[in-house]
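The residues making up each chain are set out below.
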Amino acid sequence: MTEKDICLSVKNLRTSFFTDRGEIHAVRGVSFDVMKGEMLGIVGESGCGKSVTAFSALNQVKHPGRIVGGEVLFHGVDLLKLSQDEMRKLRGSKMSMIFQEPLTALNPAFSIGWQIGESYRLRGEKNKKVIEEKTIDMLRKVKLPEPELRMKEFPYQFSGGMRQRALIALALACTPELVFADEPTTALDVTVQAEILDLLQNLQKEMGMSVVLISHNLNLIGERCKRVLVFYAGKIIEEAPTEELFKNPSHPYTQGLLGSLLSIHQGEDVQLHTMPGEVPNLLEDIDHCSFAPRCPYATEECYKKQPELYNLGGNHYCSCLRYKREEVKQ
């Protein structure tokens, strides 16, 4: 792997929300690379920092949130040092985001066609005929029926699946190199979910773009992504190729997640795994393993220091002191 193969490089990213109760450490030193043309999965429970990481990478964290440290390198340029005007030129044209709730992401006061056409207008296109043709072509690419008619309609006239297709069209209108898809199928039924994800995957291959697929659904991530990052309490606790992660989950939290999945091969008497305890309070400055209070393997050492991401071989990394102890024994 060389720098030419990397689309985005996130280094020691830290984002906090400053509230009346104190500083919430939402993202706590996250580092990862997104390769060109890959679909990278980010998985974890609600509140673990997945979406905040995506918004931080796009330099789009709103008050009371603030990026307090780290770098986000896109073609060697640190996005965190750019002005909002400079970032606006990049968003949409070079990088974009597909939000998890299209009904709130789309503007109810404007037609679908007007909203997609706005992407072209902001990039300097003045010819109304060209904008209309590009908009229709984009709606056709996302398999929206009768795009010439649908572009004149408003979000409330669309079904959930149609709104999601329109939102994908909006995000991909200017052929970005990198797309963050934040829970893009949360509000849809299973059949429509599959259709939307097939569409996104096909467009990714057709356009050659990189996609970061964010979800709490491990099955969905396992089917679509080649590589997975597992988040817990604002940090990456495991990273591996998807097949390796499912065959050999190494962090106790990842093991618990996979143990809680239903399978058609399980009998009626199978008990799903549950993890005791609760997630840590991110108002506190956690200086030890954040999973230690819930971990069956925790020792006294786990409450004294934060583990690093240890290389287990084959691009498999795990943030657990058990692997450090094993290295010492060897």
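Residues numbered from 1 in each chain as written. Predicted model: local features only at pLDDT ≥ 70, side-chain atom pairs only at ≥ 80, totals over all residues. Heavy atoms only, no water.

### Observations concerning the packing of aromatic side chains
Each aromatic ring pair is specified by the distance between its two centres and by the angle formed by the two planes.
And then number 1: One pass over the structure, following the stated rule, counts 6 aromatic pairs.
And then number 2: Relative to tyrosine 253, the ring of tyrosine 232 lies with its centre 4.7 Å away and its plane at 50°, an arrangement referred to as tilted. With a gap of 21 residues between them, tyrosine 232 in strand S9 (residues 227-232) and tyrosine 253 in helix H11 (residues 252-259) connect regions that are remote in the sequence.
And then number 3: Of the residues examined, tyrosine 253 reaches a relative accessible area of 0% and is grouped as buried.
And then number 4: Each ring, one from tyrosine 253 and one from phenylalanine 291, has its centre 5.7 Å from the other, and the planes form 65°; the classification is edge-to-face. (Phe/Tyr/Trp six-rings, centres within 6.5 Å; stacked < 30°, edge-to-face > 60°. Helix = DSSP H or I, 4+ residues; strand = E, 2+ residues; numbered from the N terminus. Buried < 20%, exposed > 50% of the residue type's maximum accessible area, 1.4 Å probe, protein only.)

### Focus on helix H7 (residues 160-172)
And then number 1: For H7, built from 13 residues, the straight-helix expectation of 18 Å at 1.5 Å per residue is met to within 8% by its first-to-last C-alpha distance of 18 Å.
And then number 2: Taking burial as the measure, the 13 residues of H7 include 11 buried ones, the bulk of the element. (Expected span 1.5 Å × (residues − 1).)

### Here's the deal with the pairing of strand S8 (residues 210-215)
Within a regular strand, side chains alternate between the sheet's two faces.
And then number 1: Most of S8 sits out of view: 6 of its 6 residues are buried.
And then number 2: Sheet topology note: the strand S3 (residues 39-43)/S8 ladder contains 5 bridges and is parallel. Along S8, the bridge assignment pairs glycine 41 with leucine 213.
And then number 3: Pairing analysis gives 5 bridges linking strand S7 (residues 178-182) to S8, with the strands arranged parallel. Counted as the bridge partner of valine 179 is valine 211 from S8. (Pairing = 2+ DSSP bridges.)

### Things to note about the layout of surface pockets
And then number 1: Counted as a void, the largest pocket has a volume near 690 Å³.
And then number 2: Going through the elements one at a time, strand S6 (95-98), helix H4 (112-122) and H7 are the ones with two or more residues in the lining of the largest pocket.
And then number 3: Among the elements that line the lining of the largest pocket, the one with the most residues is H4, at 5 residues.
And then number 4: Looking at side-chain class alone, the lining of the largest pocket contains 12 nonpolar, 6 polar and 4 charged residues. (1 Å grid on protein atoms, 1.4 Å probe; cavity = no way out; pocket = protein on both sides within 12 Å on 5 of 7 lines; lining within 4 Å. Points joined across faces, edges and corners; volume = space filled by probe spheres on them. Nonpolar A, V, L, I, M, F, W, Y, C, P; charged D, E, K, R; others polar.)

### Observations concerning the sheet that holds S8
In a beta sheet, neighbouring strands pair by backbone hydrogen bonds and run either parallel or antiparallel.
And then number 1: Spatial strand order, S6-S7-S8-S3-S9-S10-S12-S11: 8 strands in an open sheet with mixed pairing. Edge positions in the open sheet fall to S6 and strand S11 (310-313), since each of these has one partner strand only. Going across the sheet, the axis of each strand differs from the next one's by a mean of 20°, ignoring polarity.
And then number 2: In this structure, S11 lies alongside strand S12 (residues 316-318), joined through 3 bridges in antiparallel fashion. Directly across from tyrosine 310, in S12, lies its bridge partner cysteine 318.
And then number 3: Packing against the sheet, H7 makes contact with S6 and S7, and its axis sits at approximately 170° to S6.
And then number 4: Taken strand by strand, H11 contacts S9 and strand S10 (235-241), and its axis lies near 105° from that of S9. (Axes fitted to C-alpha atoms, helices over the stretch in contact; angles between N-to-C directions. Contact = heavy atoms within 4.5 Å.)

### Describing the pattern of salt bridges
And then number 1: Going through the model one piece at a time under the given rule, you end up with 11 salt bridges.
And then number 2: Ionic pairing is found between aspartate 85 and arginine 88, a salt bridge with its closest N-O pair at 2.4 Å. Of this pair, aspartate 85 and arginine 88 both sit in helix H2 (residues 84-90), 3 residues apart, roughly one helical turn.
And then number 3: Note that arginine 227 is salt-bridged to glutamate 239, the shortest N-O span being 2.9 Å. You can see arginine 227 sitting in strand S9 and its partner glutamate 239 sitting in strand S10, a full 12 residues away along the chain. Just as arginine 227 is buried, glutamate 239 falls in that class too.
And then number 4: A single network of salt bridges, built from pairs that share partners, joins Glu38, Arg227 and Glu239. (Salt bridge = Lys/Arg side-chain N within 4 Å of Asp/Glu carboxyl O.)

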